[in-house]
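Survey of secondary and tertiary structure
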Amino acid sequence: MTQLLSNLLGKIRSHHPQTDSECIMVDVTKWPLFSLMGPQELSAIRKACVFGMSANETIYITNDDEVYVFGLNCSNCLGTGDSQSTIIPKKVDFLSGRKVVSLSYGSGPHILLATEDGELFAWGHNGYSQLGNGTTNQGVAPVLVSASLLNKKVTEVACGSHHSMALTDSGEVYAWGYNNCGQVGSGSTANQPTPRRVSSCLQNKVAVGIVCGQTSSLAVLDNGEVYGWGYNGNGQLGLGNNGNQLTPCRLVALQGLCVQQIVSGYAHSLALTDEGLLYAWGANTYGQLGTGNKSNQLSPVQIMAEKERIVEIAACHSTHTSAAKTQSGQVYMWGQCRGQSIVLPHLTHFTCTDDVFACFATPSVMWRLLTMEHDDFLTVAQSLKKEFDNPETADLKFCVDGKYIYIHKAILKIRCEHFRSMFQSHWNEDMKEVIEIDQFSYPVYRSFLEFLYTDNVELPPEDAIGLLDLATSYCENRLKRLCQHIIKRGITVENAFSLLSAAVRYDAEDLEEFCFKFCVNHLTEVTQTAAFWQIDGNLLKDFICRASRCGAFKN
């Protein structure tokens, strides 16, 4: 039994370049767009990102490295070569076979995508040359960004509202696009049409991570130092003032700390040290700093100091939401959460920070590119379903109408009070290897046992009557409700009176009322069926009396 229940857990790995990857469960259908996809389509997804000003666009990569997109297609951000929206996934043939390692999106939106080979592709909104191709023409399809990046291997990308950054394998940072506040780090406020290396203070230094706020930029170095540049009106650069910076400046307030992960929200920033300490600074209108108030912070302040070690932080430039995960797996959220301003980190029941953004961020985008690793494992529920009626692992057989159904005694004891009592030592059945069932039909009893493994019932309404009888006998109230639901969905003129009779017999009052109303509404047709004239005389009299009181026989 232990082996059966521990069989194969499907895990989805959430990965961020600045953090150690880990296996966690992420249900991508929490993002509404993915709820349109079936189990088979979902199982083929290896990487995914939901983006856009209203979280209405999606890109995903399959296990065989095919790239698909669907959604609203604002500013041609789907890269399909046209401006048409689509609710059905479309393949982006140009990116076929390329292994995606990093992806980011802007507010236009525009998209940056880096491959395992170090190539950088861009498409979408380009009003400020954020695609890095030297023009301001919309990018209707992915284009290789080659200017200034020839012979460079891009490992990570980041997008602000309308500016872009890329990190190379040698630790160089490149930036381009909108530069009204110095977010490109060029020393001026002129827009940058092609990738330009961010030098100044970063010259001869090795960056290991980059992030963007709406109009600000941050980089963390291999020695744990953090540099910021661009818009600083809310203190999001953490420099102790609110003056914009046209070139990178070191966050002196973090001196002595070794930062291993940084993230930026719309106008706030978070940093996580190698000791698991969390610091926040910048805008705090929605409580996104988690300090207990809504006052902006011009310099980093430590938060969650009383909590256990933090292992991951989350934010993205299109939201005012923050999240963090602790060493024991607890997930906290704060900031703008479904319209509310949560000013202190709030403990959730989520297992990953991604769920915070799916359920509480506005818009409900993904804060990072999710990577799903579908192991050969199944969930517990899937494993149980697979083992139903499996003679190889079963330890008990039911014989119904001369046919065997193979089951696991422990599962029946866990799932059903009737069997829990049956398999007590003083019951004869507890010692038997085969139990004969003669009061129910094979389809009905098999469906009941399958329900105990799967929580589902698939039976035609006529057989559901028998299952309703069983559910009543075994005091399985949830199964009883499911049977009533099946019967309601399958009621017809031909079977209506039979179903009414069954509802009365099994004391299913709600179902009885439903069937009675159906019969009255279709009285002429129902009275011409064989079931109507084969019914018990007392029930027929009762029906006629009730129907008469309802005015069914008035002219």
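To be clear, the structure that these remarks concern was listed above.
Now for a quick tour of the structure. No experiment lies behind these values; they were computed from the predicted model shown.

Reading guide: rules and limits
The residue count restarts for each chain, going from 1 along the sequence in the order it is written. Given that the model is predicted, a residue must reach a pLDDT of at least 70 before its local features are reported, and side-chain atom pairs must reach 80 or more before they are shown or counted; all residues, however, enter totals for whole chains, interfaces and linings. Values reported for side chains reflect all heavy atoms of the structure, with hydrogen atoms and water molecules removed beforehand. Two strands qualify as a pair provided DSSP detects at least 2 bridges between them. We count a stretch as a helix when DSSP gives it H or I for four or more residues in a row; a strand needs E for two or more, and each element gets its number in order from the N terminus. Only C-alpha atoms enter the line fits that serve as axes; for helices the fit covers just the stretch in contact. Angles between N-to-C directions range over 0 to 180 degrees. Small angles under 35 degrees read as roughly parallel and large ones over 145 as roughly antiparallel, with 65 to 115 read as roughly perpendicular and the rest as oblique. Residue contacts follow a heavy-atom distance rule, with two residues in contact if any of their heavy atoms lie within 4.5 Å. Here the term charged refers only to Asp, Glu, Lys and Arg, the term nonpolar to Ala, Val, Leu, Ile, Met, Phe, Trp, Tyr, Cys and Pro, and the term polar to all other amino acids, Gly among them. The criterion for an aromatic pair is that two Phe, Tyr or Trp rings (for Trp, the six-membered ring) have centres within 6.5 Å, with stacked assigned to planes under 30 degrees apart, edge-to-face to planes over 60 apart and tilted to the rest. Between buried and exposed lies partly exposed: a residue is buried under 20% and exposed over 50% of the maximum accessible area for its type, with that area taken using a 1.4 Å probe on protein chains only.

If you trace the four strands from one edge of the open sheet to the other, you get 15-16-17-18, paired in antiparallel fashion. Two strands lie at the open edges of the sheet, namely strand 15 (207-212) and strand 18 (245-250), each paired on one side alone. Between one strand axis and the next, the sheet turns by 15° as a mean value, whatever way the strands run. Here strand 17 (residues 226-230) runs beside strand 18; their pairing, made up of three bridges, is antiparallel. The partner of Gly-228 across the bridge, within strand 18, is Cys-249.

Running from N to C, helix 11 (residues 509-521) and helix 14 (residues 537-549) point in directions that differ by 70°, and their axes come no closer than 11 Å. Here helix 11 lies roughly perpendicular to helix 14, going by the angle between them. Between helix 11 and helix 14, the contacting residues are Glu-512, Glu-513, Phe-516, Cys-519 and Val-520 on the first element and Phe-543, Arg-546 and Ala-547 on the second. Split by residue class, the contact of helix 11 with helix 14 holds five nonpolar, no polar and three charged.

Time to look at the sheet that holds strand 19 (residues 259-264). Two pairing modes exist for strands in a sheet, parallel and antiparallel, and in both the strands are linked by backbone hydrogen bonds. Across the sheet, which stays open at both edges, the four strands sit in the order 19-20-21-22 with antiparallel pairing between neighbours. Each edge of the sheet is formed by a strand with only one pairing partner; in this case those strands are strand 19 and strand 22 (297-303). On average, each strand axis in the sheet is inclined to that of its neighbour by 20°, with strand direction left out of account. As judged from the five bridges shared by strand 19 and strand 20 (residues 268-273), these two strands associate in the antiparallel manner. Of the residues in strand 20, the one forming a bridge with Val-259 is Thr-273.

A few words now on the packing of aromatic side chains. Following the criterion strictly, the structure yields 25 aromatic pairs and no others. With a centroid separation of 6.0 Å and an interplanar angle of 25°, the aromatic rings of Phe-419 and Phe-448 are classed as stacked. One end of the pair, Phe-419, is in helix 6 (residues 417-422); the other, Phe-448, is in helix 7 (residues 442-454), with 29 residues separating them in the sequence. Each member of the pair, Phe-419 as well as Phe-448, carries the same accessibility label: buried. Aromatic rings pair up to connect Phe-398, Phe-419, Phe-423, Phe-440, Tyr-445, Phe-448 and Tyr-474 into one cluster.

The subject of this paragraph is the environment of Val-252. Within the fold, Val-252 resides in the loop between strand 18 and strand 19. Exposure remark for Val-252: the relative accessible area of 51% places this residue in the exposed category. In sequence terms Val-252 and Asn-232 are 20 residues apart; their C-alpha atoms lie 15 Å from each other.

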